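Analysis of the macromolecular model
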2 protein chains.
Amino acid sequence: MKIGIIGAGSLGLLYGGYLATEHAVTMFPRSLEQAEKLCEHGITVCGENCFQVNVLSTMDVSALNEQDVIFVTVKQYHLMSIVNMLKNIESSIPLVFLQNGMGHLTLLETLPQQIILVGTVEHGATRKNEMTVSHNGVGKTNIAFFCGHSDLLLKFFSSQPEQFKFVHHDHYELMLLHKCFANAMINPLTAILKVKNGELIRNSFYYKIFQSLFEELISLFPQLDREAMYRSVKNLCLSTKENESSMLKDIKKGSKTEIDAILGYMLGKASEREQHVPIMTAIYQIVKGMELDGTIK
Amino acid sequence: MKIGIIGAGSLGLLYGGYLATEHAVTMFPRSLEQAEKLCEHGITVCGENCFQVNVLSTMDVSALNEQDVIFVTVKQYHLMSIVNMLKNIESSIPLVFLQNGMGHLTLLETLPQQIILVGTVEHGATRKNEMTVSHNGVGKTNIAFFCGHSDLLLKFFSSQPEQFKFVHHDHYELMLLHKCFANAMINPLTAILKVKNGELIRNSFYYKIFQSLFEELISLFPQLDREAMYRSVKNLCLSTKENESSMLKDIKKGSKTEIDAILGYMLGKASEREQHVPIMTAIYQIVKGMELDGTIK
């Protein structure tokens, strides 16, 4: 298959790297400099084993229309800046969106493509340089059809190797919500407290806030199984206990975070339901303030 | 006058230093080593001008009964460990307590002394070493009688120099509450956000949390003038905008903080009134968790 990948951050490089072992991958990065480097050096994925693959790379968006499927791996807050580019892609080409949060669903509804999938990523990946990504944690990719359907794509996903597995889900909304809920629990708190994921459970005082935040969040989603959700988030904290969340990394770097895609979306839900969520609100404001603090210093 | 000072941290050294310029001061520090150093070198106070004074210093608590008045400058959370020592001081000797918070008032009720004063400190002071204190900010000391009365002491306080002024207040509870309220607003937030006092006003997101916290706090004290209190705390943030709060300093050093004396007291009030104060509660838990985090790392 001819696979296009929009975005060449940690996720773009990881998906480009793995998929290029069997397919013809074309990367669409943001800078000409990175495009040239990717053409010359390919992508190197470093994990338990390291491997290097050749890829094409271009800034020429017309090449998007030559792809069989396109993965969109930019951050949620960058989607708006590429929406016109996406609208010009032929409507027959399936798009796969790999963003955190759920706020972008309304944007996906405006796209002309007949087949759109959304995915949540459970891999750990860190961009080392413009051509190299470190695959820190082997997880899986959850995917679901947002609109349309394709047996061919399902077959393509099911044929991926064990260390880069795709799992198909029937309900995209529930699938995204699970991820968004877990992100809303873990990311902002770890970013504020400057701790690894496991500390939210280990430190008895942080754990109390974790529990209060859970109460506020779960109250917004009566459709979720309360006990299962709690177990799931707690287990995620434990299984990633030595990890720093992406939001903590962003705050440390002084980068923009995904707080609006994650907790901002949840606050929108609370507002729709006219529910008072003081802890979520304060946590949101602290992270927004920290972002601002990083830029005004 | 013969003045005893229990505790030789930043406040103890500051009060010992200034009062020893006109009076016979005896310091009662916690370690023999510091007692010896103070006897040998006296106290050095560094501010706009630096000066050095001679003091006595001893670990012999029987010398407490030779004093005309005794200042207690230990942190609130150390009061419990000296309560037996205080109970053995002759009941005719006035005691002056200079702690943050209000939780210690119940302890003061158990003391035998006929004259007890409480004070709040608006000076900025940092202990440089066991004999030296830096007087960073010239403020004043507010004092009020907790029990008993003494015209002699009032005269003593009113005769202190401008750069070490005492101001007498009629209502000890209101006086302490003003300080405790301001501390509850500024100290925990700056400790969590790792910012100077002024940032709480300057950063628009932090300011929102500041306002939400104010709403929760003021709801606990219908007797306070809402607008006046808000102005007062906001002005304090501005007038000390380049200062780091004591709680931020404590968290940075990995020391115990005064969170229980300050926000813990406020949470007790909320619990008495059966009022739900989620932001205060979360802020309290974060600071307690940070204290724990500092010790379990």
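Residues numbered from 1 in each chain as written. Chains lettered and ligands numbered in written order. Predicted model: local features only at pLDDT ≥ 70, side-chain atom pairs only at ≥ 80, totals over all residues. Heavy atoms only, no water.

The name given to chain A in an unreviewed UniProt entry is 2-dehydropantoate 2-reductase, with the source organism recorded as Heyndrickxia ginsengihumi. For chain A, the Sequence similarities (unreviewed entry) comment in UniProt is given as "Belongs to the ketopantoate reductase family." Its UniProt record gives chain A a comment under Function (unreviewed entry), which states: "Catalyzes the NADPH-dependent reduction of ketopantoate into pantoic acid." (UniProt positions renumbered as here; feature names shortened; annotations may be inferred.)

Before going further, it helps to spend a moment on the overall build of chain A. Looking only at helices and strands, chain A has twelve helices and twelve strands in total. Its C-alpha atoms give chain A a radius of gyration of 19 Å, near enough to 19 Å, the size a compact globule of 297 residues would have. Along the longest, intermediate and shortest principal axes, the C-alpha atoms of chain A span 50 × 40 × 35 Å. Per-residue burial over chain A gives 56% buried out of 297 residues. In chain A, of all internal contacts separated by at least 6 residues, the share reaching a separation of at least 24 is 68%. Surface summary for chain A: the accessible area is close to 13000 Å², and the carbon and sulfur share equals 49%. Distance between charge centroids for chain A: 7 Å, based on 27 positive and 30 negative side chains. (Helix = DSSP H or I, 4+ residues; strand = E, 2+ residues; numbered from the N terminus. Rg over C-alpha atoms; globule rule 2.2 N^0.38 Å. Buried < 20%, exposed > 50% of the residue type's maximum accessible area, 1.4 Å probe, protein only. Contact = heavy atoms within 4.5 Å. Areas by Shrake-Rupley, 256 points an atom, 1.4 Å probe, with all protein chains shown as cover. Lys, Arg positive; Asp, Glu negative; His and termini not counted. Charge placed at Lys NZ, Arg CZ, Asp CG, Glu CD.)

Let's shift gears to the domain arrangement of chain A. Quite often, the size of an interface is put as the accessible area lost when its parts meet. Residues and elements named next belong to chain A. In terms of domain boundaries, chain A breaks down into domain 1 (2-170) and domain 2 (175-296). Centre-to-centre separation of domain 1 and domain 2, based on C-alpha positions: 26 Å. Residue-level contacts link 17 residues of domain 1 with 14 residues of domain 2. Both sides of the domain 1 and domain 2 interface together cover about 1400 Å² of buried area, and 64% of this is carbon and sulfur. (Domains from an automatic or database assignment. Buried area = accessible area lost by both parts, 1.4 Å probe.)

Looking now at the interface of chain A and chain B. Of the residues lining the interface, 22 residues belong to chain A; the matching set on chain B comes to 22 residues. For the chain A and chain B pair, buried surface summed over both sides reaches about 2100 Å², with 69% attributable to carbon and sulfur atoms. At the boundary of chain A and chain B, one finds zero salt bridges. Between the two partners, chain A and chain B, sit six residue pairs in polar contact (both at pLDDT 80 or more). Those elements giving two or more residues to the side of chain A that touches chain B turn out to be α6 (172-193), α7 (199-202), α8 (204-218) and α12 (278-296) of chain A. Of the residues forming the side of chain A that touches chain B, the biggest block, eleven residues, is contributed by α12(A). Partitioned by chemical class, the residues of the side of chain A that touches chain B number 13 nonpolar, four polar and five charged. (Salt bridge = Lys/Arg side-chain N within 4 Å of Asp/Glu carboxyl O. Polar contact = N/O pair within 3.5 Å; in protein donor to acceptor, adjacent residues only side chain to side chain. Nonpolar A, V, L, I, M, F, W, Y, C, P; charged D, E, K, R; others polar.)

Moving on to the side chain of Lys288(B). Take Lys288(B): it is sitting in helix α12 (residues 278-296). Residue classification places Lys288(B) among the buried residues on the basis of a relative accessible area of 12%. Here Lys288(B) is in contact with Phe205(A), Ile259(B) and Asp260(B), once residues within four sequence places are set aside.

Residue and element names in this part refer to chain A. Here glutamine 211 lies in helix α8. Judged by relative accessible area, glutamine 211 falls into the partly exposed class, the value being 32%. Separated by eleven residues in the primary sequence, glutamine 211 and leucine 200 have C-alpha atoms spaced 9.7 Å apart.

Let us now look at the UniProt feature "domain: Ketopantoate reductase N-terminal" (unreviewed entry) in chain A. Under the UniProt annotation, "domain: Ketopantoate reductase N-terminal" (unreviewed entry) lies at residues 3-144 of chain A. Strand forms 34% of residues 3-144 of chain A and helix 23%; the C-alpha atoms that close the span are 18 Å apart.

Residues and elements named next belong to chain B. Remark: helix α8 (residues 204-218) packs on helix α9 (residues 226-239), axes separated minimally by 12 Å, with the N-to-C direction vectors making an angle of 140 degrees. Taken as axis vectors, α8 and α9 run oblique relative to one another. With respect to the hand of their crossing, α8 and α9 are arranged in right-handed fashion. Residue-level contacts link Tyr207, Phe210, Gln211, Phe214, Glu215 and Ile218 of α8 to Arg226, Met229, Tyr230, Val233, Lys234 and Cys237 of α9. The residue inventory of the contact of α8 with α9, partitioned by class, reads eight nonpolar, one polar and three charged. (Axes fitted to C-alpha atoms, helices over the stretch in contact; angles between N-to-C directions. Parallel < 35°, antiparallel > 145°, perpendicular 65-115°, else oblique. Left-handed = near helix turned anticlockwise from the far one by under 90°.)

Superposing chain A onto chain B takes a rotation of 180 degrees combined with a translation of 0.0 Å along the rotation axis, leaving an RMSD of 0.0 Å. Expressed as a symmetry operation, the mapping of one chain copy onto the other fits a two-fold axis. Interface residue correspondence from chain A to chain B reaches 100%, placing this contact among same-surface, isologous pairings. (Least-squares fit on C-alpha atoms with pLDDT ≥ 70 in both.)

Moving on, we get to the packing of aromatic side chains. Residue and element names in this part refer to chain A. Inspection of every chain in the model, using the stated rule, returns 32 aromatic pairs over all chains. Ring centres 4.8 Å apart and planes at 70 degrees place the aromatic pair tyrosine 15 and phenylalanine 164 in the edge-to-face group. On the criterion of sequence distance, the pair formed by tyrosine 15 in helix α1 (residues 10-19) and phenylalanine 164 in the loop between α5 (151-158) and β12 (166-168) is long-range, its members being 149 residues apart. On the accessibility criterion, phenylalanine 164 (0% relative accessible area) is buried. Through a chain of ring-to-ring contacts, the aromatic side chains of Tyr15, Tyr18, Phe51, Phe71, Phe156, Phe157, Phe164 and Phe166 assemble into a single cluster. For the cation-ring pair, lysine 256 lies above tyrosine 77, with the distance from its terminal atom to the ring centre recorded as 5.0 Å. (Phe/Tyr/Trp six-rings, centres within 6.5 Å; stacked < 30°, edge-to-face > 60°. Lys NZ or Arg CZ within 6 Å of the ring centre and 35° of its normal.)

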